[in-house]
Amino acid sequence: MAHDGKQSIELGVYTRPEDNARITLTEIVAGALSIIWLAMTTGFFIIVDGGENATNFDSIRFVMMLIAIFMPIAMFWVGALAIRASQTMREESRRLQAAISAMRQSYLSGQGTGASASVEKKLEEIVAAQRKTQTTLATFTSIRPQETSPEDKLAIASPVLSEDQASLALGTPSENLAPPLSVADFIRAMNFPETAEDKEGFRALRRALTDRKVSQLIHAAQDILTLLSQDGIYMDDLRPDRAKPEIWRHFAKGERGRVVAPLGGVRDRSSLALASGRMKQDAIFRDAVHHFLRKFDKTFAEFEATATDEDIAALSDSRTARAFMLLGRVTGTFD
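Note that the coordinates shown come from a computational prediction; the quantities given were computed from them, not determined experimentally. (Residues numbered from 1 in each chain as written. Predicted model: local features only at pLDDT ≥ 70, side-chain atom pairs only at ≥ 80, totals over all residues. Heavy atoms only, no water.)

S.K.: Help me out: how do you make sense of the nonpolar core in this one?
M.R.: In summary, soluble globular proteins display a tendency toward joint burial of nonpolar side chains. If you look at the biggest cluster of nonpolar residues, it comprises 50 residues, and the most contacted ones within it are Trp248, Phe292 and Leu327. Going through the elements one at a time, helix 6 (183–191), helix 7 (199–209), helix 8 (212–230), helix 9 (245–252), helix 10 (269–281), helix 11 (283–304), helix 12 (309–316) and helix 13 (319–331) are the ones with two or more residues in this core. With nine residues, the single largest contributor to this core is helix 8. Residues contacting leucine 327, with those up to four places away along its chain left out, are Ile224, Leu228, Ala275, Phe285, Val289, Phe292 and Leu293. (Core = buried A, V, L, I, M, F, W, Y, C linked by side-chain atoms within 4.5 Å. Buried < 20%, exposed > 50% of the residue type's maximum accessible area, 1.4 Å probe, protein only. Helix = DSSP H or I, 4+ residues; strand = E, 2+ residues; numbered from the N terminus. Contact = heavy atoms within 4.5 Å.)

Here's what the structure looks like:
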């Protein structure tokens, strides 16, 4: 299909339309003026000056008569040809511009079709794996987790831990009975599973979804990554500048401006332009972005309180953090 489109474009650029071979109004006007001028000059020299010097031939006078008759006619046709050439150049310019636009659209559509097909296939694999794991979720949640060290616990774990746990009664929500989410599982969940066979990634994602606060951020991140993929923006393609952990800590403490400006380290101009344009045109996308930024800001502020520099560095390299850096720069969050 792309080849046919390209072939039609080439024919449109390099073949001259049949209209150019037709006589236009310019040629008609030039011809009429030539006939009128020829009749007027002929009448002048024959009628007015016909009886004088009829027998004496003067070569200089004859040449001057020819110049007087045919020079204006030549000027008429030079002007007509100039106008015709100008019209032809404008038509060629319009066809060339249309051909370039068609080639660009053909290229973008072909590129977008291939990318969207691979992304849809990958998403279908992930969805199929998620549906498969939902049936065994009760089995996984009933397994006793391994003991973890106190420093490997998230401060954003279930708020019921600060209450009197002995007072739990029947009807307590299941998320209040879930074990605390480890830092490693939190970071892995923020990056989402790599493939449909990424068992560790799905395990961490299931663990994270049992935490109410983290699950809200995960759902917001899923919505944003899906919306960005519609414009061909994928976090794996971004290579943002790495910000130091202390800069992330300044941001978690509410500082803004030049201190946290390095967090907007995404330099991909096309991704920034596409996201910025959609922010202005799509109200649903804009609301999803602001919701995601609020959830990430709040969750990261709680995460930073107990996280090490290595934990922050690992989180900043996740897909969720890259989306935050991209959209934070677009919305001016770091200004």
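S.K.: What am I meant to see in the packing of aromatic side chains here?
M.R.: Each aromatic ring pair is characterised by the separation of its centres together with the angle its planes make. This structure, assessed with the given rule, holds 11 aromatic pairs. With a centroid separation of 6.3 Å and an interplanar angle of 35°, the aromatic rings of tryptophan 248 and phenylalanine 324 are classed as tilted. Of this pair, tryptophan 248 sits in helix 9 while phenylalanine 324 is found in helix 13, placing the two residues 76 residues apart along the sequence. You'll find tryptophan 248 and phenylalanine 324 in the same group, each marked buried. Between phenylalanine 324 and phenylalanine 334 the ring centres are 5.7 Å apart and the planes differ by 75°, which places this aromatic pair in the edge-to-face class. (Phe/Tyr/Trp six-rings, centres within 6.5 Å; stacked < 30°, edge-to-face > 60°.)

S.K.: Would you explain the pattern of salt bridges in this entry?
M.R.: Side chains that carry opposite charge are capable of pairing whenever their charged atoms lie near each other. For the structure on display, the rule yields 16 salt bridges. Arginine 203 is paired through a salt bridge with glutamate 200; the nearest N and O atoms lie 3.3 Å apart. In this pair, arginine 203 and glutamate 200 both sit in helix 7, three residues apart, roughly one turn of the helix. A residue is classified by how much of its surface remains accessible, and arginine 203, at 27% relative accessible area, is partly exposed. Ionic pairing is found between arginine 256 and aspartate 297, a salt bridge with its closest N-O pair at 3.3 Å. Of this pair, arginine 256 sits in the loop between helix 9 and helix 10 while aspartate 297 sits in helix 11; the two residues are 41 residues apart in sequence, bridging distant segments of the chain. The class for aspartate 297 is partly exposed, based on a relative accessible area of 24%. (Salt bridge = Lys/Arg side-chain N within 4 Å of Asp/Glu carboxyl O.)

S.K.: Would you mind going over the packing of helix 6 against helix 12 with me for this structure?
M.R.: It is the contact of helix 6 with helix 12, at a shortest axis distance of 9 Å, that shows an interaxial angle of 20°. Compared by their axis directions, helix 6 and helix 12 come out roughly parallel. Pair helix 6 / helix 12 crosses with right-handed handedness. On the side of helix 6, the interface is formed by Val183, Phe186, Ile187 and Met190, while helix 12 contributes Asp311, Ala314 and Leu315. Within the contact of helix 6 with helix 12, the residues separate by chemical class into six nonpolar, no polar and one charged. (Axes fitted to C-alpha atoms, helices over the stretch in contact; angles between N-to-C directions. Parallel < 35°, antiparallel > 145°, perpendicular 65-115°, else oblique. Left-handed = near helix turned anticlockwise from the far one by under 90°. Nonpolar A, V, L, I, M, F, W, Y, C, P; charged D, E, K, R; others polar.)

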